[in-house]
Number of protein chains: 2
Amino acid sequence: MGSVVADRPYPLDPLTLSEIEVAITTVKKTHGQVFFNVVTLHEPRKAEMTAWLADADAAPRPKRVADVVVIAPGGKVYDGLVDLETVTITKWELLDGEQPIITMEELQLVEHIVRKDPKVIEQCIISGIAPEDMDKVYCDPWTIGYDERFGSSVRLQQALMYYRPEIDNCQYTYPLDFCPIYDADKGEIIAIDIPKVRRPLSKAAPLDYHPAAVEKRGGYRTNLKPINITQPEGVSFKITGRELEWQNWKFHIGFNYREGIVLNNITFNDKGTVRPIFYRLSLAEMVVPYGNPEHPHHRKHALDQGEYGAGYMANSLSLGCDCKGSIHYLDAHFPTRAGGVRTIKNAICIHEEDAGILFKHSDFRDDSVIVTRGRKLIIQQIFTAANYEYVVAWVFHQDGTIQPEIKLTGILNTYAMDPEEDTHGWGTQVYPGVNAHNHQHLFCLRIDANVDGPNNTVFMSDAVPSDAPVGSPENFYGNAFYNKRTKLSTTGEAMTDYNGATSRTWEIANTNKLNPFSKKPVSYKLVSREAPGLLPKPNSLVWKRAPFARHAVHVTRYKDDQLYPAGRHVPQTSGDKPVGLAEWIGDGSESIDNTDVVLWHTFGVTHFPSPEDFPVMPAEPMTLLLRPRNFFAGNPVMDVPPSYASTPSQLLRGEGGVRGVVDAVSRLAFSDAGGNA
Amino acid sequence: MGSVVADRPYPLDPLTLSEIEVAITTVKKTHGQVFFNVVTLHEPRKAEMTAWLADADAAPRPKRVADVVVIAPGGKVYDGLVDLETVTITKWELLDGEQPIITMEELQLVEHIVRKDPKVIEQCIISGIAPEDMDKVYCDPWTIGYDERFGSSVRLQQALMYYRPEIDNCQYTYPLDFCPIYDADKGEIIAIDIPKVRRPLSKAAPLDYHPAAVEKRGGYRTNLKPINITQPEGVSFKITGRELEWQNWKFHIGFNYREGIVLNNITFNDKGTVRPIFYRLSLAEMVVPYGNPEHPHHRKHALDQGEYGAGYMANSLSLGCDCKGSIHYLDAHFPTRAGGVRTIKNAICIHEEDAGILFKHSDFRDDSVIVTRGRKLIIQQIFTAANYEYVVAWVFHQDGTIQPEIKLTGILNTYAMDPEEDTHGWGTQVYPGVNAHNHQHLFCLRIDANVDGPNNTVFMSDAVPSDAPVGSPENFYGNAFYNKRTKLSTTGEAMTDYNGATSRTWEIANTNKLNPFSKKPVSYKLVSREAPGLLPKPNSLVWKRAPFARHAVHVTRYKDDQLYPAGRHVPQTSGDKPVGLAEWIGDGSESIDNTDVVLWHTFGVTHFPSPEDFPVMPAEPMTLLLRPRNFFAGNPVMDVPPSYASTPSQLLRGEGGVRGVVDAVSRLAFSDAGGNA
Ligand SMILES: [Co+2]
Ligand SMILES: [Co+2]
C-alpha cells in the first residue's frame, strides 16, 4: 500500500495550484484586474470522459479546462472558460442579474464596515452598547437569501449581529435584534431591518466553552483514559494520484469549491470483473430553512453550498484531533479574490476504522462458529458555515455499501429575546435572552448512477401487506406481505417522498442485467430514513429557491453541467423563474426509463433547539445507505479473513478452530477479572 | 478505574451460581425430579426497591427470591417462587394450557428423534435422500408458534428440515420441503406437514463460507492490514459488583434468560446532582414474522425472547474477535434441565470506543477553534437464534444519549424451491433452489422511565408547518413551522405509530420540572426512524400473539411483573385471549398522565432477502436514540478535555492554542505524503 504521485493531472483532478495560476493570468491578461470568485475544474463532458475511460489509447484524453467566475468593476459578473492546454479563453459571458457564490473574503469584509456605520452605531446604542464598545460588536454576514425590496442585481449580505463583553466570550449568547444589509459593490450598509418590539442587549452572565471558562467552573474531567489506534503494518489503501484503491473498491477523489468532496468512477472488483456503480457522487446542495415567520427571519435559509461553498468553507484538519489513527490527507487550492492562490492544507482526510462484526454464525448443535470483523474506509471533510460545522464522511464498507454520513456540530444561530418573551413556538430559549429558532438541515445527495453501465432505471420500493383479507384462501393467517416495486418512468413520476409506514426505499436498477439467482435486475438501493419533508410550504420562498427540497427523490436524465439543483448561481435567486431541478424537470414528461439517470436525494433533520445544544452542540449524526441488492451473486465478503472459524468436522475430530486475524493487543480491562475465552 | 467484587449480591443482580443451586435443591426437596425450565431472579417489587434506594439504612434491603418454572412428569407446568433467604417455596402454581420457554436443551433433542422417525425417513426418500444418509439430515427446531390443530396443552416444536451433503456444508443451501411436528412430552414426531407441490433436494453445488471452501475458491484476501486499539492507562470505567460508573453515568447491569442485558437505575451526575433517568431498560420481546402465506410458513414468526430467550441463546464472547480493545466481560449462569447449573463465560462484553468528534467550532474571523473528541461505552451481547445472530449493543454517550443498537447477521431462514418456480413475490431465490422468504425483525424496547423521578408523561412530537397560508400576515413567506406536541393521556391514546412525514418522536417528560431556560418539561426523547409497522394484518395470528408489534409506541402505567409484552409464557399462545400488552391496556381508559409509566417501543426492519445475504449475511445495523432534551441547562460535555483549543485573545497575542488530549500515536498514512497540521 502506498501513495503514488501522478505525473500529470487526471482529467477529474481539481485544478492544480499552477493550473489555477494559469487561468488567473490568462483572464487578467485580457480583462485586467477583476475579483476572482471561482476558478475550478470545468469537468470533462461525460461522453468524452467515458470514451477515454473505455479506451484511453483510442479516445482523446479529456482536456483540462478552468471554469471561471469573476466580478468586474461595477459589479459585472462574468462566466468564463479557460482552455488550460491552449491557454485561451473559450467562453466569456456577462451575466444579467445573477449573483455568484459569496467567498470567505467577501464575508470577512462586512464586520469592519458594520462597526463604523453611524446608523448601526445608533442601533447599538439603542440596544445598550456604548459607542466606544463597537469593537465588541460582531456580525455573521449571511447571504440575504432573497429580499424583494432589493432584487438580485445588487450584491448583498445581511449582517446577523452579536456582541462579546470580552473578546473570548461566545457571541451567540449576546445576539442583537436588528439586521443591517450590506451592499458589496458600494461596500456600505444600505438598510437596517429593525423589529417593532426591541430587545435590549442581554445582561446574562456568559456561558463559554473555552478552556479558561471551563477551568473557572471547576476544570476538565480527569477520568478519561486515552484510546490509541495504530496500524503497525500501514494502511490497507493505496492512492495513485487521486485514485484510491481499497478492498475491491476503486474511485477518484475530487474536491471543488462548492460540493467539497466529489467521488467519481466508483467501481467494485467483483471476483475479477470491475463493475461500475456510480459515475459521480457528491453533496450537491443544502438548505437550512428557519421556521420563524417574523420579518426578516424568513431570509435565514442558507443554501450553504451554492451560496458559500462546502469547499471554500473547508477546515484544515489536524492529526489526532479531527482524525485519529493512520491518516492520509489531501490539500485543496482555491483562487483568492485578488488573483492569488490559497491552499487549505489537509482539507480531506482518509483513514480506515474497525467496523465491528462483519458477519458471524454459530451452529447451536456443536458451537462451530465463524466470526469475521469488518473494516471501513472513511473520506472526510469538515466545513464551517458561520455558526455551524458540518462533518461530512463518505464511508465505504467491504460488502459494497456506501454510507454518506453527516454530523452537525458548532453553534446554534441565535436571536435576541426578552427573558419573559413568548417564543410562540418558533424557537426555544436555550439560555436567558437567547432564542434559537426552529430550523431544518436538508442536504441534496447527487447520485450520478452507473450501475453496471449508464442505462439505469429507478424503482420505488414499498413494504406492503397482501390485499387478501385475513381468512381468505390467499392469506388465511393474514401474514402475507411483499415488496411492491413501482417503476418511475418519467421525471414527473419520480418526484417522490419518503414513506415511513412502508419503509420506502428506492432502487437504482439496471434492467438490462438480471441477478443470476433472484432474476431481479441488479441494483443499488437507497436506504434513507431521515428524510423529513420541507416544512416551508409549497410556493413559499424557500420552496421556490430550493427545488430539490420539495421531494425526497427527484430523478433526471443526465445532462452535462446539470450539477447544482438550486442552479449554478444561487445567491439572490427569487425562484420565481424555475431554477435548477425545477427548470430541468419542467413539465415532468421526460422519460427516465433505462437511460443515463441522476437521482437527487434530499435528506436531513428538523432541529428544534434545546438548552443541551448551547453554547456548542454535541455532534448529531445522520446517515443513509447505498446498498447492493441483487447486485452480487452471493455475499461478497466471504474472503475477508475471519477472526476465528471452526467447523463441525474439526470439532468432531477434537481439533480446535482456526484463529485468523485476531489482533495480539486486545486485553482484558482488569487483570483481576475473569479470563479470556 | 477498576473492578471491585461485591461482598453480597445487589438486589438486582442475576441469581448467583449458588443461589440457583439453592433454588433447585429447595424445589427438588419438595417436588422431586422435575425439568427446570427457568430459575431466575424474581425482581424486587419497585416500591420496595425504590424505598431502599432512597434510604438504605431505614428501608429493608429487598429480599433475594428465585422465580422458578418447572415441567413435572406428564408435562405439568408449575410457576414457583423460592425465598432464598428463608429457603422456602412461597408460591407453587400449576398452569393450565400454558407452555413456558423452550430451552436450548429441549431444542437439541429434536434432531436425533427426527432422524430416526420412519415417516420422516419416508419423506426424505421422496425428497431424494437415501435412508443410509439420514445422518446428513438436520433440523432447526422452532417453536410451533400456534397451530390450531394442536392447541397449547401439548408441548410442541416444528422441525425445519435441511440436508448437508458433507458435514461442513451450509445446510441452508439444502432446505427440505416438509415439516415434522415434535411432541416434547412423548418425545416423538406426531405429524408431518407436506406441501402439495413437492420440491426435491437441490442438486446445486454447495456455497460455503468456511475456510476450506474459501481456500478452494482462491483463498482469503491479503490486503487488510491490522488495526490495533489499546488503552495503555486502562479503561475509563469502574465496576463495583455489577454497578458501572463511567463519565457521569451510573447504572446496574443485570442479565436474565429472556431479555439478556437489563440495565437498571440509570442515573446521570449533572454537576453533582445525581439525576435518575430510567429505572429499567431492556429488549423485552421481539417477533420475526415471515410473509409467505402458504401453509405452514405462517407458523414462522418466532417471538425469540419469549420462546427461546436472548439470555439462554447468548454467545460466549471472545477477545479480539467479537470485541476489540480493552474489554471487561461478565458471565451468565442458568439452570440445566436436570437441575445443574451451566455458565456462559463472557456473555456480556463492556468496552469503550473513540466516538469521533464530540463537538467542534471554528471562528471564520480568526480560525480560533475548539475540537473535542467523544468517547462511548458499549455494553454488548450476541445471541444465536437457530440461523440468525443478533448483536445487541447498549451504547452510552457522554452527552446523555443512550443508543440501543442491533446488528443482524447469521444466515437466512430458507425453504426449498424448484429453480424455475415462481416465488410469487413472497420470497427471493438467493441461490439455486433456495427460497428466502420475506420477513420482518421487530424488537420491543421496554423503557421503564424515571426522568427526574417516577411521575412522567409521554408526548408525541411532530414537526409540522404553520396552518397559516403563504402570503398571510402570520406566515407571509411561508416558512413557519413548529414542534406540535400531543399529550398521550391514556393507554388508548398512547397507541401511536411512526410518521416519517412529520419526523415523529416521543418525549418522556417530567411535567413537574421545567428546564430553567426553555421552560419546557425536562425530558428524554425517543428518536427512532426504523419503525416499520407490523405487516401481518390486524387480527392475523401474528398480530394477536405479538400485541407490542401493533404500534410503534404503547405506554402503560407501571405494575410489578408486567415485564413481557407478549405475556409471561409465550410458546403456543393463540392470542385469542388478549396477552401481555393487549391484556394490560384493555379498553385503553387508564390514565398515564404524570404517573409511573412504561413506554414500549417497537422498531426493526423489513427484510426482503437478496443474494448478497447468502450464505451468511453481512451485518445490517439498526439503531435509535434516547436523547436528553430540555433536560440539561446547557451542553453537558463542555468539561471533556479538548484535543485542541485556541481563543481569539490567544491568537491576537500571537500565542498558540492548547493541545489537549491528543494521542501521541496517530500518524500520517504515508511517510512520503504531506505534513501534519
Ligand atoms: Co441545527
Ligand atoms: Co432478516
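Caption draft 1: Examining the overall build of chain A more closely. Secondary structure summary: chain A contains 9 helices and 36 strands in total. A compact globule built from 677 residues would reach a C-alpha radius of gyration of about 26 Å, and chain A, at 27 Å, matches this within 12%. Its C-alpha atoms put chain A at 90 × 70 × 60 Å along the principal axes. Residues counted as buried form 67% of the 677 residues belonging to chain A.

Caption draft 2: Representation of the coordination of the cobalt ion (ligand 1). All names here are of chain A. Note on the cobalt ion (ligand 1): its protein donors are Tyr388 (OH), His439 (NE2), His441 (NE2) and His607 (ND1). The metal-donor distances range over 1.6 to 2.1 Å. Spacing between the donor residues of the cobalt ion (ligand 1) along their common chain follows Y-x50-H-x1-H-x165-H. In this pair, tyrosine 388 is assigned in strand β20 (residues 388-397) and histidine 441 in strand β25 (residues 439-449), connecting sequence segments 53 residues apart. Taking the relative accessible area as the measure of exposure, tyrosine 388 reaches 2% and is therefore buried. We classify histidine 441 as buried; its relative accessible area is 0%.

Caption draft 3: Spotlight on the pairing of strand β13 (residues 249-256) of chain B. Residue and element names in this part refer to chain B. For β13, the tally of buried residues reaches 7 of 8 residues, placing the bulk of the element in the interior. Where strand β12 (residues 243-246) meets β13, 4 bridges bridge the pair, whose relative direction is antiparallel. Directly across from tryptophan 246, in β13, lies its bridge partner tryptophan 249. Linkage of β12 to β13, two consecutive antiparallel strands, is achieved through a turn of 2 residues, within which glutamine 247 is found at a positive phi near 50°. Two elements, β13 and strand β14 (residues 260-270), share 7 bridges in a ladder whose sense is antiparallel. Looking across to β14, one finds that isoleucine 253 is bridged to leucine 263. The antiparallel pairing of β13 with β14 creates a hairpin that spans 3 residues between the two strands.

Caption draft 4: Structural context of the packing of aromatic side chains. Enumeration according to the criterion identifies 50 aromatic pairs over all chains in this entry. With centroids separated by 5.3 Å and ring planes inclined at 50°, the aromatic side chains of Tyr257(A) and Tyr312(A) adopt a geometry described as tilted. Linking Tyr257(A) in the loop between β13 (249-256) and β14 (260-270) with Tyr312(A) in the loop between α6 (304-307) and β17 (326-335), this pair joins segments that are 55 residues apart in sequence. Each of the two residues, Tyr257(A) as well as Tyr312(A), counts as buried. Ring plane angle 15° and centroid distance 5.6 Å describe the contact between Tyr388(A) and Tyr390(A), whose orientation is recorded as stacked. Directly above the aromatic system of Tyr564(B) lies the positively charged group of Arg258(B), at a separation of 3.9 Å from the ring centroid.

Caption draft 5: Structural context of the interface of chain B and chain A. Of the residues lining the interface, 198 residues belong to chain B; the matching set on chain A comes to 198 residues. Buried area between chain B and chain A, summed over both chains or domains, comes out near 16,400 Å², and the portion from carbon and sulfur atoms is 58%. Contact with chain A buries area across many residues of chain B, yet Arg221(B), Tyr477(B) and Phe481(B) alone supply 6% of it, more than any other trio. Here chain B is connected to chain A by 14 salt bridges. The tally of links between chain B and chain A comes to 98 residue pairs in polar contact (both at pLDDT 80 or more). Ranked by residue count, the leading element in the side of chain B that touches chain A is strand β18 (residues 341-362) of chain B, at 13 residues. Looking at the side of chain B that touches chain A, its residues break down into 91 nonpolar, 66 polar and 41 charged. Direction of pairing for β17(A) relative to strand β36 (residues 667-668) of chain B: parallel, over a ladder of 2 bridges.

Caption draft 6: Structural context of the sheet that holds strand β3 (residues 65-72) of chain B. All names here are of chain B. One open sheet accounts for 4 strands, arranged β2-β3-β4-β5; its pairing is antiparallel. Here the strands that pair on one side only, and so sit at the sheet edges, are β2 (35-41) and β5 (88-94). Direction aside, neighbouring strands of the sheet carry axes that sit 20° apart on average.

Caption draft 7: Local environment of helix α2 (residues 46-54) of chain A. All names here are of chain A. For α2, every residue scored as buried is listed here: Lys46, Met49 and Trp52. Down the axis of α2, the smallest arc covering the buried residues is 135°, so these residues share one side. Across α2 from its buried face, at more than 90 degrees, point the exposed residues Ala47 and Ala54. Those residues of α2 that are buried are in contact with β14, β15 (273-289), β25 and β31 (595-607).

Caption draft 8: Representation of the relation of the copies chain B and chain A in the model. Placing chain B over chain A gives an RMSD of 0.0 Å and needs a rotation angle of 180°, together with 0.0 Å of translation along the axis. One copy is carried onto the other by what is essentially a two-fold rotation axis. A share of 100% of interface residues in chain B that are also interface residues in chain A marks the association as one of identical surfaces.

Caption draft 9: Local environment of the coordination of the cobalt ion (ligand 2). For the cobalt ion (ligand 2), every protein donor is listed as Tyr388(B) (OH), His439(B) (NE2), His441(B) (NE2) and His607(B) (ND1), and the spread of their distances is 1.6 to 2.1 Å. Around the cobalt ion (ligand 2), the 4 donor atoms are arranged such that angles at the metal cover 94 to 139°; this shape is classified as irregular.

Caption draft 10: Seen up close, the pairing of β20(A). All names here are of chain A. Among the 10 residues in β20, 10 count as buried, and that is most of the element. Here β20 shows two buried faces, one formed by Tyr388, Tyr390, Val392, Trp394 and Phe396 and the other by Glu389, Val391, Ala393, Val395 and His397. With antiparallel pairing between neighbouring strands as the criterion, strand β19 (residues 369-385) and β20 make up a hairpin whose turn holds 2 residues, including alanine 386 at a positive phi of roughly 55°. The pairing of β20 with strand β21 (residues 402-410) spans 9 bridges and is antiparallel. The residue bridging tyrosine 390 from the neighbouring strand is leucine 408, located in β21. Counted between consecutive antiparallel strands, the loop separating β20 from β21 contains 4 residues, among which glycine 400 sits at a positive phi close to 100°.

Calculation rules
- Residues numbered from 1 in each chain as written.
- Chains lettered and ligands numbered in written order.
- Predicted model: local features only at pLDDT ≥ 70, side-chain atom pairs only at ≥ 80, totals over all residues.
- Heavy atoms only, no water.
- Helix = DSSP H or I, 4+ residues; strand = E, 2+ residues; numbered from the N terminus.
- Rg over C-alpha atoms; globule rule 2.2 N^0.38 Å.
- Buried < 20%, exposed > 50% of the residue type's maximum accessible area, 1.4 Å probe, protein only.
- Donors = N, O, S within 2.8 Å, 3.2 Å for Na, K, Ca; no water.
- Pairing = 2+ DSSP bridges.
- Phe/Tyr/Trp six-rings, centres within 6.5 Å; stacked < 30°, edge-to-face > 60°.
- Lys NZ or Arg CZ within 6 Å of the ring centre and 35° of its normal.
- Contact = heavy atoms within 4.5 Å.
- Buried area = accessible area lost by both parts, 1.4 Å probe.
- Salt bridge = Lys/Arg side-chain N within 4 Å of Asp/Glu carboxyl O.
- Polar contact = N/O pair within 3.5 Å; in protein donor to acceptor, adjacent residues only side chain to side chain.
- Nonpolar A, V, L, I, M, F, W, Y, C, P; charged D, E, K, R; others polar.
- Axes fitted to C-alpha atoms, helices over the stretch in contact; angles between N-to-C directions.
- Arc of directions from axis to C-beta.
- Least-squares fit on C-alpha atoms with pLDDT ≥ 70 in both.
- Tetrahedral: all angles 85-135°; square planar, octahedral: opposite > 155°, others 65-115°.

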